[in-house]
Amino acid sequence: MKSELKEQLRQVFDAPDSRRKEEFLQNFNYPKATYREFVFHQIGYIRKRVWGFSLVLLLSVFAVCKIIKDIEATYSMIWVISSLFPLLALLASTEIARSSSFRMSELEMTTRFNLGEVLLMRMGILGLTNAFVFGIVLFFVSFKINYGCLQLGLYLSVPYLITCLGSLMLMNRISSREVVYCCAGVSCFVIVCNGILANSRLMIYSDKFVFFWIILFILLCIAITNQSSKLIKNTEALQWN
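Residues numbered from 1 in each chain as written. Predicted model: local features only at pLDDT ≥ 70, side-chain atom pairs only at ≥ 80, totals over all residues. Heavy atoms only, no water.

Notes on the overall build of the protein
Applicable threshold: Secondary structure follows DSSP: runs of H or I at least 4 residues long count as helices, runs of E at least 2 residues long count as strands, and numbering of each begins at the N terminus. Exposure classes here rest on a 1.4 Å probe applied to the protein chains alone. A residue is buried below 20% of its type maximum, exposed above 50%, and partly exposed in between. The Shrake-Rupley method, run with a 1.4 Å probe, gives the accessible areas here. Residue values count only the displayed protein chains as cover.
Counting secondary structure elements, the protein contains 12 helices and 0 strands. What you see in the protein, going N to C, is helices and strands ordered as α-α-α-α-α-α-α-α-α-α-α-α. A burial count over the protein gives 38% of its 241 residues as buried. As displayed, the protein offers around 15000 Å² of accessible surface, 67% of which is attributable to carbon and sulfur atoms.

Put into structure tokens, the structure is as follows:
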């Protein structure tokens, strides 16, 4: 009975389908930015501290690779560098969460590109930037450590991916400004855990655990893709019907 009443109310109060929406939008006189302009504008909206920290991270890795000569000390370099990547993930998460946490979603919804497209573009720009930084770091560190690029890439990327996953899960559940602080808590938690596990680095970075790292990497990638899709779909409810 309750379900039938809900269905009747939905039929009575449900908004009618939009008519001639696309025609109206095409004829509406407003500035129409191209996708190229859209991309460059979104790059400009990303705060300078994101680019600044990426540069600082690269310079720090260059300095460490130049200073460290002892082979044993280079193994400590793995967890030191991998502990910096969660901070990079934190900055990316705060940029992605800016629309909801600082109440900018309503403004962005009035533009040609909907909030989902804005979010997807920012995620793509930040993801490519971080991947570029990660690639450069991996290239230089690989000369100092007797691991292959694949194995070393697993060790450096997993803490970063864990931070990304935790931040995305929080953003899917919290839409207020407090989500930024929650993401910071996730980043700090990953860094602390990474430091604790550093005491067992000779064991966890051994060849017999490589398969475990591969499985963990694959699971994290799948989970991040799923959470990213949910985050974008959550914005669809805000679009104009």
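Description of the side chain of Ser82
Quick note on the threshold: Counted as a polar contact is a pair of N or O atoms within 3.5 Å, where, for protein atoms, one must be capable of donating a hydrogen and the other of accepting one, and residues adjacent in sequence contribute only when both atoms are in side chains. Here a residue-residue contact requires only that any non-hydrogen atoms of the pair lie within 4.5 Å.
Of note, Ser82 is situated in helix α5 (residues 71–82). For Ser82, a relative accessible area of 0% translates into the label buried. A polar atom in the side chain of Ser82 sits 2.9 Å from the side chain of Asn194. If sequence neighbours within four positions are ignored, Ser82 has contacts with Tyr155, Leu156, Pro159, Asn194 and Tyr205.

With respect to the side chain of Ser187
Mapping Ser187 onto the fold places it in helix α10 (residues 178–197). Take Ser187: its relative accessible area is 1%, and that puts it in the buried class. Separated by 3.2 Å, the side chain of Ser187 and the backbone oxygen of Pro86 make a polar contact. Setting aside anything within four residues of it in sequence, one finds Ser187 in contact with Pro86, Leu87, Leu90 and Thr163.

Quick notes on the packing of aromatic side chains
Worth spelling out the cut-off: The rule is short: rings of Phe, Tyr and Trp, with Trp giving its six-membered ring, pair when the centres are within 6.5 Å, and they are stacked under 30 degrees, edge-to-face over 60, tilted in between.
Under the criterion given, the structure shown has 4 aromatic pairs. Both rings, one in Phe139 and one in Phe140, keep their centres 5.4 Å apart while their planes meet at 90°; by these two values the pair is edge-to-face. On the accessibility criterion, Phe139 (48% relative accessible area) is partly exposed. Phe140 gets classed as partly exposed once you look at its relative accessible area, which sits at 34%. Aromatic side chains Tyr155 and Trp213 sit 4.9 Å apart centroid to centroid with 75° between the ring planes, which places their arrangement in the edge-to-face category. Highlighted residues: Tyr155 in helix α9 (residues 149–171) and Trp213 in helix α12 (residues 210–236), separated in sequence by 58 residues. In terms of burial, Tyr155 and Trp213 fall into one category: buried. Clustering of aromatic rings is evident, with ring pairs tying together Phe85, Phe134 and Tyr160.

Topic: the nonpolar core
Formally: Residues belong to a common nonpolar core when they are buried Ala, Val, Leu, Ile, Met, Phe, Trp, Tyr or Cys residues joined through side-chain atoms within 4.5 Å.
Grouped together as the largest cluster of nonpolar side chains are 49 residues, with contacts concentrated most on Ile78, Ile81, Phe85, Val137, Val141, Leu152 and Leu156. Among the elements of the structure, α4 (48–67), α5, α6 (85–101), α8 (115–141), α9, α10 and α12 are those that each provide at least two residues to this core. A per-element tally of this core places α9 first, with 11 residues. Ignoring any residue separated from it by four or fewer positions in sequence, one finds Leu156 in contact with Ile78, Ile81, Ser82, Phe85, Phe134, Val137 and Leu138.

Let's talk about the layout of surface pockets
We apply this condition: Only protein atoms enter the calculation, which uses a 1 Å grid: trapped sets of points that fit a 1.4 Å probe without letting it out are cavities, open sets showing protein on both sides within 12 Å along at least five of seven lines are pockets, and any residue with an atom within 4 Å of a point is a lining residue. Grid points are joined across faces, edges and corners, and a volume is the space filled by probe spheres set on the points. Note on residue classes: Ala, Val, Leu, Ile, Met, Phe, Trp, Tyr, Cys and Pro are nonpolar, Asp, Glu, Lys and Arg are charged, and everything else, Gly too, is polar.
By volume, the second largest pocket is sized at about 510 Å³. Contributing elements (two or more residues each) for the lining of the second largest pocket: α6, α8, α9 and α12. The element best represented in the lining of the second largest pocket is α9, accounting for 7 residues. Residue composition of the lining of the second largest pocket, by class: 16 nonpolar, 7 polar and no charged.

Quick word on the confidence of the model for the protein
Short version of the rule: A residue's pLDDT is the predictor's confidence in that residue, given on a scale from 0 to 100.
Averaged over all residues, the pLDDT of the protein equals 76, while 69% of them reach at least 70. Looking over the protein, one finds the lowest element-wise mean pLDDT in helix α7 (residues 105–108), namely 49, and the highest in α9, namely 89.

So, a nonpolar patch on the surface
The following threshold applies: Patches in this entry comprise residues that are over 30% relatively accessible and not in a salt bridge; like charges within 9 Å are linked, as are nonpolar side chains (Val, Leu, Ile, Met, Phe, Trp, Tyr) within 5 Å. What makes a salt bridge here is a side-chain nitrogen of Lys or Arg within 4 Å of a carboxyl oxygen of Asp or Glu, nothing more.
Taken together, the side chains of Leu55, Leu59, Phe62, Phe139, Phe140 and Phe143 present a nonpolar region at the surface, about 620 Å² in accessible area. Going through the elements one at a time, α4 and α8 are the ones with two or more residues in the nonpolar patch. Element by element, the count of residues in the nonpolar patch is highest for α4, at 3 residues. Summarising the element assignment, Phe62 is placed in helix α4.

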